[in-house]
Amino acid sequence: FLVWEYDAGNFDIMGSLISPANVTIGEPFSIVEQPSDQTEPTVYTSQGGTYMLMWRDGRLTVEGEPPIYDIYYQELDGGGFNFNDGGIPICDFTYNQTNPKIDLLSESSDSYILFWNDMRSTGKQDLVNLFGQSITPGQSQCNLYDVNEDGAIDILDIVITISIILESIDPTTEQLCAADVNEDGAVDILDIVLIIAQILDT
């Protein structure tokens, strides 16, 4: 599986499947198209054959402002893409995230580590940190615990989870998925307890 940046006015991410048996290259297809730049694609194949993709994505840049780049993720298997809307954010924290990478974390659990350069600690000077997150292809349909999708697990995630339970907001699909941290199909007080435990543990 090949992935690359494609300059269509703004950079998009394209891909193509290769058959090593007869060295044929399939038709290119779009992985993500947004009215902003998507660059630095990387791909890794899981033990189960799922292709995991990460890239630097500028879709949250405000028009007229300097570009802000986040890290997005997508999976491709025999059934097609596992996530809609051109992938999901792995990190959309303040300042830029760059240089996305994927590597094996555990063979026994078929889990992988996603890691990247992260500038969230920047103040008067640029500070580059290394952040990471584990993922299991085909199981992680969202970033569990990170209900407000800011790249951090904190009190704001509890507030939004409570709002979901009280039906005082209209949550997105990603927020509902992230709030159901015990993955029982419902967002309730048990999920809040687990989010609190996660915050206290980090």
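Placed above this text is the structure.
Let us look at the structure shown here.

Rules used throughout
Residues numbered from 1 in each chain as written. Predicted model: local features only at pLDDT ≥ 70, side-chain atom pairs only at ≥ 80, totals over all residues. Heavy atoms only, no water. Pairing = 2+ DSSP bridges. Helix = DSSP H or I, 4+ residues; strand = E, 2+ residues; numbered from the N terminus. Axes fitted to C-alpha atoms, helices over the stretch in contact; angles between N-to-C directions. Buried < 20%, exposed > 50% of the residue type's maximum accessible area, 1.4 Å probe, protein only. Contact = heavy atoms within 4.5 Å. Polar contact = N/O pair within 3.5 Å; in protein donor to acceptor, adjacent residues only side chain to side chain. Expected span 1.5 Å × (residues − 1). Arc of directions from axis to C-beta. Phe/Tyr/Trp six-rings, centres within 6.5 Å; stacked < 30°, edge-to-face > 60°. Lys NZ or Arg CZ within 6 Å of the ring centre and 35° of its normal. Parallel < 35°, antiparallel > 145°, perpendicular 65-115°, else oblique. Nonpolar A, V, L, I, M, F, W, Y, C, P; charged D, E, K, R; others polar.

### Re the sheet that holds strand β12 (residues 111-118)
Piece 1. Judged by pairing direction, the sheet is antiparallel, and its three strands sit side by side in the order β11-β12-β13 without closing on themselves. Edge strands, defined here as strands with exactly one partner in the open sheet, are β11 (97-106) and β13 (129-135). Averaged over neighbouring strand pairs, the angle between their axes works out to 25 degrees when direction is ignored.

### Concerning helix α1 (residues 155-165)
Piece 1. Regarding α1, the residues found buried are D157, I158, I160, T161, S163 and I164.
Piece 2. Contacts from the buried residues of α1 go to α2 (173-179) and α3 (189-201).
Piece 3. Positive backbone phi, at 60 degrees, marks E167, one or two positions downstream of α1.

### A closer look at the side chain of Q74
Piece 1. Mapped onto the fold, Q74 is located in strand β8 (residues 70-77).
Piece 2. Within the local environment of Q74, its side chain forms a polar contact with the backbone oxygen of F83, the two atoms lying 2.8 Å apart.

### Focus: α3
Piece 1. Taking 1.5 Å per residue, 13 residues should reach 18 Å; α3 reaches 18 Å between its end C-alpha atoms and fits that length.
Piece 2. Within the span of α3, buried status applies to D191, I192 and I195. One side of α3 carries all its buried residues, which in axial view fall inside an arc of 100 degrees. Facing away from the buried surface of α3 by more than 90 degrees, the exposed residues are I189, L200 and D201.

### Details of the sheet that holds strand β5 (residues 29-32)
Piece 1. Read across the sheet, three strands follow the order β1-β2-β5 without closing on themselves; strand pairing throughout is antiparallel. Both edges of this open sheet fall to β1 (2-8) and β5, since each of them pairs with a single strand only. Averaged over all neighbouring strand pairs, the angle between strand axes comes to 45 degrees, with direction disregarded.
Piece 2. Across seven bridges, the pairing between β1 and strand β2 (residues 10-16) is antiparallel.

### Some remarks on the packing of aromatic side chains
Piece 1. Using the criterion set out here, one finds five aromatic pairs in the structure.
Piece 2. Residues F29 and F81 carry aromatic rings whose centres are separated by 6.3 Å and whose planes lie at 55 degrees to one another, so their mutual orientation is tilted. In this pair, F29 is assigned in strand β5 and F81 in strand β9 (residues 80-81), connecting sequence segments 52 residues apart.
Piece 3. You can call F29 partly exposed: its relative accessible area is 23%.
Piece 4. Among the aromatic residues, those joined into a ring-pair cluster are F1, F29, Y51 and F81.
Piece 5. Geometry around Y69 places R56 over its ring, the cationic atom sitting 3.8 Å from the centre.
Piece 6. Sitting above the plane of the F131 ring, R120 keeps its charged end 3.7 Å from the centroid.

### A short note on the packing of α1 against α3
Piece 1. Where α1 meets α3, the axes come as close as 10 Å, and the angle between the chain directions of the two elements is 180 degrees. Between α1 and α3, the interaxial angle falls into the category roughly antiparallel. Seen from α1, the contacting residues are I155, D157, I158, T161, I162 and I165; seen from α3, they are I189, I192, I195, I196 and I199.
Piece 2. A per-class count over the contact of α1 with α3 returns nine nonpolar, one polar and one charged.

### What to know about the pairing of β8
Piece 1. In terms of burial, β8 is largely enclosed, as seven of its eight residues are buried.
Piece 2. The sheet contact formed by strand β7 (residues 51-57) and β8 spans seven bridges and is antiparallel. When the sheet's bridge partners are listed, L53 is paired in β8 with Q74.
Piece 3. Direction of pairing for β8 relative to strand β10 (residues 88-91): antiparallel, over a ladder of three bridges. Its bridge partner being in β10, I71 is matched across the sheet by C91.
Piece 4. Here β8 folds back onto β9, and the loop between the two strands holds two residues.

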